[in-house]
Structures are given as C-alpha cells and as structure tokens.
Amino acid sequence: MNDEQRRQFIAEVWRRFEAVQDWAVANWPDAAHPLSSSDFVESRKEILSLGLPPGQRLHLVPQQNVPEPGQGGPQYEDVMPAPWP
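Residues numbered from 1 in each chain as written. Predicted model: local features only at pLDDT ≥ 70, side-chain atom pairs only at ≥ 80, totals over all residues. Heavy atoms only, no water.

This part takes up the overall build of the chain. Secondary structure assignment for the chain yields 2 helices and 0 strands. The burial tally for the chain puts 12% of its 85 residues in the buried class. Of the contacts formed within the chain by residues at least 6 apart in sequence, a portion of 41% connects residues at least 24 apart. Accessible area of the chain: about 7,500 Å², with a carbon and sulfur share of 59%. (Helix = DSSP H or I, 4+ residues; strand = E, 2+ residues; numbered from the N terminus. Buried < 20%, exposed > 50% of the residue type's maximum accessible area, 1.4 Å probe, protein only. Contact = heavy atoms within 4.5 Å. Areas by Shrake-Rupley, 256 points an atom, 1.4 Å probe, with all protein chains shown as cover.)

Pasting the structure below:
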C-alpha cells in the first residue's frame, strides 16, 4: 500500500468514525451522563496512528506475570491516564 492509498483510507475511516461518534452522542440514552467528543479521544488517537509506520503505532504493553481474573487477578484494569493535579 502506498502513502496516498494509506492517507485516503485513513481519511475515510476518520469520516466514518466522525459519523458514528455524532450518532452516538446524539442517541446516548443516559441523559444524566451525556457523551461528548472528549469521550472518544483514545479512539481518535488509534485512528490517527494508522498512518504511522508499524514500529511507531500505539501499543498497550501487556503486564507480565499478572494472574487471570479467575485466578485472583484484577477484574478491571484502568488504562486511562490520571488527570493532572
């Protein structure tokens, strides 16, 4: 795949993602806790990283020697960064 094809693909993914995001924000059923575009920041980062060479893409580093939830390990891992103080 050449660079122009990659850019066109990413532009199309971005356009479709924006449409889904707009739909999700408009149709979110919990009016007490509405969605906003800031809820989709990590998704946008992932889409934009598609344009990077494979060695520079975003990766979650798996933790080593962490037991599975059924073996007493954590049920949930928070992957969001902590806010600035």
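Now that the structure has been shown, we can carry on.
A few words now on the nonpolar core. Residues Phe-17, Ala-24, Leu-35, Phe-40 and Ile-47 constitute the largest nonpolar core, which totals 5 residues. In contact with Phe-40, not counting residues within four places along its chain, are Phe-17, Gln-21, Ala-24, Val-25 and Leu-35. (Core = buried A, V, L, I, M, F, W, Y, C linked by side-chain atoms within 4.5 Å.)

Right, let's talk about the pattern of salt bridges for a bit. Here the structure, examined in full by the defined rule, presents 4 salt bridges. Note that Glu-12 is salt-bridged to Arg-15, the shortest N-O span being 2.6 Å. You can see Glu-12 and its partner Arg-15 sitting in helix H1 (residues 3-27), 3 residues apart, about one turn around the helix. Judged by relative accessible area, which is 49%, Arg-15 ranks as partly exposed. With a shortest N-O distance of 3.3 Å, Glu-42 and Lys-45 are connected by a salt bridge. (Salt bridge = Lys/Arg side-chain N within 4 Å of Asp/Glu carboxyl O.)

Listed as buried for helix H2 (residues 41-49) are Arg-44, Ile-47 and Ser-49. Taken together, the buried residues of H2 touch H1.

With that out of the way, let us pick up the packing of aromatic side chains. Under the criterion given, the structure shown has 2 aromatic pairs. Between the aromatic rings of Trp-14 and Phe-17, the centroid separation amounts to 6.5 Å while the plane-to-plane angle is 50°, which identifies the pairing as tilted. Residue Trp-14 and its partner Phe-17 are both found in helix H1; the two are separated by 3 residues, about one turn of the helix. Judged by its relative accessible area of 26%, Trp-14 falls in the partly exposed class. (Phe/Tyr/Trp six-rings, centres within 6.5 Å; stacked < 30°, edge-to-face > 60°.)

For Gln-21, the position within the fold is in helix H1. For Gln-21, a relative accessible area of 5% corresponds to the buried category. If we skip the residues at most four places from it in the chain, Gln-21 touches Ser-37, Phe-40 and Arg-44.

This is a description of form; function is not addressed.
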